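Residue-level structure breakdown
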Amino acid sequence: MIRKYGPVIFCIGLWLGMSVPVSAALSGMPLNVLSDHPDASLQPKKPQLLMFYQPDCRWCGLQMQAMQAVQSACPQVVMQLVGIRGSDRQLRAELRRHRSELPAFAGTETFLRKVGGVEATPMTLVLNAQGEEAGRYRGYLNEEQLLAAANWLTGSTCRALQK
């Protein structure tokens with residue numbers, strides 16, 4: 001039953017999350033780039049899903065894999081990773097270990113304060129095309145839930161997931 005209604009419940013949660021205070025000007029925040037990805041920057045004017053991860057987080061690795069699958073189905077949503085609670089070396093090692101191809105940054109204290117903190121990982125922050133926080137979700141999101149969020153951000157323009 002959760003599998004059948006999970007994306008619907010997630011979208012309702014995002015809609016309710018719109019009353020969350022807006023995170024101002026995240027796109028202008030300086031962050032240390034951890035990946036060699038050519039698009040590694042917080043991009044204004046594009047909807048984004050930012051996933052916070054940390055070293056030795058099993059669920060974070062699974063979340064990275066789900067995000068990569070959805071990124072190929074919905075390239076119009078920028079999906080990026082923000083590492084916390086570890087050195088740059090440890091955060092890069094996690095990216096290699098999970099074979100992540102997504103752009104990744106090291107979260108600074110200023111950035112984490114701006115987003116209201118991260119209690120636990122994985123945590124996904126949903127930003128609309130204006131760079132405003134449209135929702136957040138703590139815990140693992142499966143591919144269907146991530147695709148539902150991407151479709152919500154883009155007005156249902158994403159392709160179906162490849163199985």
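Residues numbered from 1 in each chain as written. Predicted model: local features only at pLDDT ≥ 70, side-chain atom pairs only at ≥ 80, totals over all residues. Heavy atoms only, no water.

Bringing the confidence of the model for the protein chain into the picture now. Per-residue pLDDT for the protein chain averages 82, and the proportion of residues at 70 or more is 76%. Confidence over residues 14-25 falls short of pLDDT 50; this stretch has 18 contacts with residues more than four positions distant or in other chains. (pLDDT = per-residue confidence, 0-100. Contact = heavy atoms within 4.5 Å.)

Glancing now at the state of the cysteines. Enumeration according to the criterion identifies two disulfides in this entry. The disulfide bridge from Cys 57 ends at Cys 60, spanning 2.2 Å between sulfur atoms. Between Cys 57 and Cys 60, the S-S dihedral sits near 80 degrees, and the bridge is therefore right-handed. For the pair Cys 57 and Cys 60, one class covers both residues: buried. Within the protein chain, bonded cysteines paired by disulfides and numbered along the sequence follow the pattern 1-2, 3-4. (Disulfide = S-S within 2.5 Å. Buried < 20%, exposed > 50% of the residue type's maximum accessible area, 1.4 Å probe, protein only.)

This paragraph deals with the packing of helix α2 (residues 58-73) against helix α5 (residues 143-154). Interaxial distance between α2 and α5 falls to 9 Å at its minimum, and their mutual angle equals 45 degrees. As the angle between them shows, α2 and α5 are arranged oblique. Helix-helix and strand crossings are classified by hand; for α2 and α5 the assignment is right-handed. Within the contact between the two elements, α2 uses Gln 63, Ala 66, Met 67, Ala 69, Val 70 and Ala 73 and α5 uses Glu 143, Leu 146, Leu 147 and Ala 150. (Axes fitted to C-alpha atoms, helices over the stretch in contact; angles between N-to-C directions. Helix = DSSP H or I, 4+ residues; strand = E, 2+ residues; numbered from the N terminus. Parallel < 35°, antiparallel > 145°, perpendicular 65-115°, else oblique. Left-handed = near helix turned anticlockwise from the far one by under 90°.)

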